[in-house]
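Given next are the chains, with one letter for each unit.
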Amino acid sequence: MNHRIRKAEIQNLQDLAVLLAEHAAFEGSVIEMTGKSDCLRAALFGETRRIECLVVVDERDALLGYATFGKQFSTWDAAEYMHLDCLFLRPKARNAGIGKRLLRRVAQRAREEDCFEMQWQTPVSNVLGLKFYLRLGATKKDKFRLFADRETIDELASEEK
């Protein structure tokens, strides 16, 4: 499959938002699409960029996948690591070595940024994805990822229990 990996561009925002929805559906979730492109514009291209995004495109420059990532600080290690927030490929782009190439590009950024490690997560249900990551040398730690929605945040922030 002909493809190339490049940095996301502002003109990709609408298509990237669609890809995010596909990724959420793949993981059994639904995301709110209202305002998604504007939020992505600020996070990816704003004055205080918060995250980087690489996209995989075909010969017509149509999006096949993406990876988002950014530096984080580990208190335990007192050092910065690269957090891979998302990595997703459309089904037609899977099993062609593209995921490995995309992960390699993120690793190159981690090395450029002098990060001591990379971290990411995948749902337990993503058995093929987990096998892919383990084949590339990743290790896993069993932890729960916990979430507090806005209502819970407001409740926690305002009540003394």
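Residues numbered from 1 in each chain as written. Predicted model: local features only at pLDDT ≥ 70, side-chain atom pairs only at ≥ 80, totals over all residues. Heavy atoms only, no water.

> If you had to explain the overall build of the protein to someone new, which residues and values would you point to?
Assigned secondary structure in the protein consists of five helices and five strands. Counting from the amino terminus, helix and strand elements in the protein follow one another as β-α-α-β-β-β-α-β-α-α. Its C-alpha radius of gyration of 17 Å places the protein within 12% of the 15 Å reference for a compact globule of 161 residues. Expressed as lengths along the three principal axes of its C-alpha atoms, the size of the protein is roughly 60 × 35 × 35 Å. Per-residue burial for the protein yields a buried fraction of 34% across its 161 residues. Partitioning the contacts of the protein with sequence separation of at least 6, the portion at a separation of at least 24 is 56%. With the model as given, the accessible surface of the protein reaches about 11300 Å², and the carbon-plus-sulfur share is 50%. Of the side chains in the protein, 26 bear a positive and 25 a negative charge, and the two mean positions are spaced by 9 Å. (Helix = DSSP H or I, 4+ residues; strand = E, 2+ residues; numbered from the N terminus. Rg over C-alpha atoms; globule rule 2.2 N^0.38 Å. Buried < 20%, exposed > 50% of the residue type's maximum accessible area, 1.4 Å probe, protein only. Contact = heavy atoms within 4.5 Å. Areas by Shrake-Rupley, 256 points an atom, 1.4 Å probe, with all protein chains shown as cover. Lys, Arg positive; Asp, Glu negative; His and termini not counted. Charge placed at Lys NZ, Arg CZ, Asp CG, Glu CD.)

> Could you give me a rundown of unusual backbone geometry, with the residues and numbers involved?
Even without being glycine, Asp 61 reaches a positive phi, approximately 70 degrees. Following the sequence through the fold, Asp 61 ends up in the loop between β2 (52-57) and β3 (63-74). Residue class for Asp 61 comes out partly exposed when judged on its relative accessible area of 31%. In this structure, Ala 78 is a non-glycine residue whose phi angle is positive, near 50 degrees. Look at Ala 78 and you get exposed, because its relative accessible area is 56%.

> Tell me what's going on with the environment of Gln 72, and back it up with residues and numbers.
Along the chain, Gln 72 falls in strand β3. The spacing of Gln 72 and Arg 41 is 31 residues in sequence and 20 Å in space, taken between C-alpha atoms. Sequence-distant contacts of Gln 72, that is, excluding residues within four places in its chain, are made with Ala 79, Glu 80, Tyr 81 and His 83.

> For the layout of surface pockets, give the residues involved together with the corresponding values.
As a volume, the second largest pocket reaches approximately 270 Å³. Taken together, 14 residues make up the lining of the second largest pocket; nearest its centre are Ala 43, Arg 50, Ile 51, Thr 68 and Asp 85. Of all the elements, β3 adds the most residues to the lining of the second largest pocket, at five residues. Among the residues forming the lining of the second largest pocket, the class breakdown is eight nonpolar, four polar and two charged. (1 Å grid on protein atoms, 1.4 Å probe; cavity = no way out; pocket = protein on both sides within 12 Å on 5 of 7 lines; lining within 4 Å. Points joined across faces, edges and corners; volume = space filled by probe spheres on them. Nonpolar A, V, L, I, M, F, W, Y, C, P; charged D, E, K, R; others polar.)

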